[in-house]
Amino acid sequence: MAYWIKVLYERNTYIVDLDDVGTFVCDPSNRLSFYAPGSRAKIILTKQNHLDAYEQVLNYLQQITTDALQGYWVTIEFERNKYIVDLDRVRAFIQTPNERLMFYPDGNQSAIVIPAVADPTTYRKLIHYIEQRTGHRLD
């Protein structure tokens, strides 16, 4: 089911189906960002400048992380940001020799890197997901 919002951002009007977004990022100053599906346009929402859209995205995130009606959504802390990622949209996982898992979230140019030592809970959660969804073990 589609979850459409309207966002006025940088003099453009975006009509976005949030169900087509695979990654949301919340930074330390509580800005919400995501890439508009099918484009390279990064939309950054703040309470001050985009209150209605900001609250709609927060409500959507509450629904998808609580109900888990579709996808496999996880919250990952990385480089002071909180990433809400649908792992079902990740197309490749990389395990490095020094026990780090890397993947590129939907629309992002930068990898998220999860070290086994520094974040064992998230690391184990990702390993479990990979083994369950792909049938492959990373050992």
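Predicted model, so just to flag it, every value in this text is computed and none were measured.

**Q** How would you summarise the nonpolar core if you had to cite specific residues and measurements?
**A** Counting residues in hydrophobic clusters, the biggest one holds 23 residues, and the most contacted among them are Leu 18, Phe 24, Phe 34, Ile 43, Leu 45 and Val 57. Broken down by secondary-structure element, the contributors of at least two residues to this core are strand 1 (4–9), strand 2 (12–17), strand 3 (23–26), strand 4 (32–35), strand 5 (42–45) and helix 1 (51–67). In terms of residue count, helix 1 provides more of this core than any other element does, 6 residues in total. Aside from chain neighbours lying at most four places away, what touches Val 57 is Ile 5, Leu 18, Phe 24, Leu 32, Phe 34 and Leu 45. By size, the runner-up hydrophobic cluster in this structure holds 18 residues, among which are Val 25, Phe 78, Tyr 83 and Val 90.

**Q** Could you give me a rundown of the pattern of salt bridges, with the residues and numbers involved?
**A** Taken as a whole, this structure holds 4 salt bridges when the rule is applied. Residue Glu 131 pairs with Arg 137 through a salt bridge whose shortest N-O separation is 3.8 Å. Glu 131 gets classed as partly exposed once you look at its relative accessible area, which sits at 24%. In this structure Arg 137 comes out as exposed when scored by relative accessible area, which is 55%.

**Q** Just give me the short version of the pairing of strand 4, but keep the residues and values in it.
**A** Sheet faces and side chains relate simply in a regular strand, where the side chains alternate between the two faces. Summarising the sheet, strand 3 and strand 4 pair through 2 bridges and their orientation is antiparallel. Bridging from a neighbouring strand, Cys 26 pairs with Leu 32 of strand 4. Turn length for the strand 3-strand 4 hairpin, with the two strands adjacent in sequence and antiparallel, is 5 residues, and the turn residue Asn 30 shows positive phi of about 65°. Here 4 bridges tie strand 4 to strand 5, and the two strands are oriented antiparallel to one another. Note on strand 5: the bridge partner recorded for Ser 33 is Ile 44. The turn linking strand 4 back onto strand 5 is made up of 6 residues, and Gly 38 within it adopts a positive phi angle of 80°.

Reading the values: rules and limits
Each chain has its residues counted from 1, running along the sequence as written. Restriction of local features to residues with pLDDT of at least 70 applies here, the model being predicted, together with a cutoff of 80 or more for giving and counting side-chain atom pairs; totals for whole chains, interfaces and linings are based on all residues. Values shown for side chains rest on all heavy atoms present in the structure; no hydrogens or waters enter the calculation. Here, nonpolar core means buried Ala, Val, Leu, Ile, Met, Phe, Trp, Tyr and Cys residues that are tied together by side-chain atoms lying within 4.5 Å of each other. Categorising residues by exposure relies on relative accessible area from a 1.4 Å probe, with only protein chains included: less than 20% of the type maximum marks a residue as buried, more than 50% marks it as exposed, and the intermediate range marks it as partly exposed. Helix and strand assignments come from DSSP, with helices taken as H or I runs of at least 4 residues and strands as E runs of at least 2, each series counted from the N terminus. Should any heavy atoms of two residues lie within 4.5 Å, those residues are counted as being in contact. In the sections that follow, a salt bridge refers to a side-chain nitrogen of Lys or Arg positioned within 4 Å of a carboxyl oxygen of Asp or Glu. By this definition, two strands are paired if DSSP reports at least two bridges between them.

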